[in-house]
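As a plain string of letters, each chain reads:
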Amino acid sequence: MAAKDAAIEQILRQAIRFEEDAYNFYTGAVEMVERPHIRQALVDMAAEEVKHKKQLQDLLAGDTTKIVSLRKQGQIQDLKLAEYLVPRPLEAGASLQDVLIVAMHREKSSNEFYSTMAEVADDGPAKSLFEFLAQEELVHKNKVETLYDEVVYQDN
């Protein structure tokens, strides 16, 4: 296996772990919130992470047929709340505000990771997938920031 192929494989395996961690985070966060629409939003984001993991696994296995058709979304508004809010470690009894702040930071980090991977990947399925996943993570960040805005700012 060429060094470049080994590096891509390592990146894909790390990305799969990121998606697994995100899934675990969202499924755990569901237990920390009471509002049904926020619980559902977290369940939906967990399901998205499962889809992302499957796409990465397909690429790792050499199946690029599903990657070519990934949709491109329009411009996503970045509320940039994560850039101004500091996350605290989540513990039992964490507030909804704390859960959402950690979530937006996780999505921001994922977006940055996939954006960087897209920049260094050669044109082809890997680059397309990384671009798609970067965009998806920005969509997730926007969802979490919008929930935060709705819950924290509107409740005050």
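In short, a report on the structure.

### Quick look at the overall build of the chain
Turning to step 1, where the next piece is worked out: Helix and strand counts for the chain come out as 4 helices and 0 strands.
Turning to step 2, where the next piece is worked out: For the chain, with 156 residues in total, the buried portion stands at 42%.
Turning to step 3, where the next piece is worked out: Counting only contacts in the chain whose residues sit at least 6 apart along the sequence, the fraction spanning at least 24 positions is 73%.
Turning to step 4, where the next piece is worked out: For the chain, the accessible area works out to roughly 8,700 Å², and carbon and sulfur atoms hold 52% of it.

### Some thoughts on unusual backbone geometry
Turning to step 1, where the next piece is worked out: Unusually for a residue other than glycine, lysine 80 sits at a positive phi of about 60°.
Turning to step 2, where the next piece is worked out: Its place among the elements puts lysine 80 in the loop between helix H2 (36–60) and helix H3 (96–120).
Turning to step 3, where the next piece is worked out: Judged by its relative accessible area of 41%, lysine 80 is partly exposed.

### Focus on the pattern of salt bridges
Oppositely charged side chains can form a pair if their charged atoms are brought close together.
Turning to step 1, where the next piece is worked out: Across all of its chains, the model carries 10 salt bridges by this definition.
Turning to step 2, where the next piece is worked out: Its salt-bridge partner being aspartate 78, residue lysine 80 comes within 3.7 Å of it at the nearest N-O pair.
Turning to step 3, where the next piece is worked out: You can call aspartate 78 partly exposed: its relative accessible area is 26%.
Turning to step 4, where the next piece is worked out: Notably, a salt bridge pairs lysine 141 with glutamate 145, separated by 2.8 Å at the nearest N-O pair.

### Notes on the packing of aromatic side chains
Turning to step 1, where the next piece is worked out: Under the definition given, this model contains 4 aromatic pairs.
Turning to step 2, where the next piece is worked out: Ring geometry for phenylalanine 18 versus phenylalanine 113: centroids 4.7 Å apart, planes at 85°, classification edge-to-face. Placement of phenylalanine 18 in helix H1 (residues 3–30) and of phenylalanine 113 in helix H3 is noted, with a sequence separation of 95 residues between them.
Turning to step 3, where the next piece is worked out: With relative accessibility at 28%, the residue phenylalanine 18 sits in the partly exposed group.
Turning to step 4, where the next piece is worked out: Ring geometry for phenylalanine 113 versus tyrosine 114: centroids 5.2 Å apart, planes at 65°, classification edge-to-face. Exposure class is identical for phenylalanine 113 and tyrosine 114. Each is buried.

Rules used throughout
- Residues numbered from 1 in each chain as written.
- Predicted model: local features only at pLDDT ≥ 70, side-chain atom pairs only at ≥ 80, totals over all residues.
- Heavy atoms only, no water.
- Helix = DSSP H or I, 4+ residues; strand = E, 2+ residues; numbered from the N terminus.
- Buried < 20%, exposed > 50% of the residue type's maximum accessible area, 1.4 Å probe, protein only.
- Contact = heavy atoms within 4.5 Å.
- Areas by Shrake-Rupley, 256 points an atom, 1.4 Å probe, with all protein chains shown as cover.
- Salt bridge = Lys/Arg side-chain N within 4 Å of Asp/Glu carboxyl O.
- Phe/Tyr/Trp six-rings, centres within 6.5 Å; stacked < 30°, edge-to-face > 60°.

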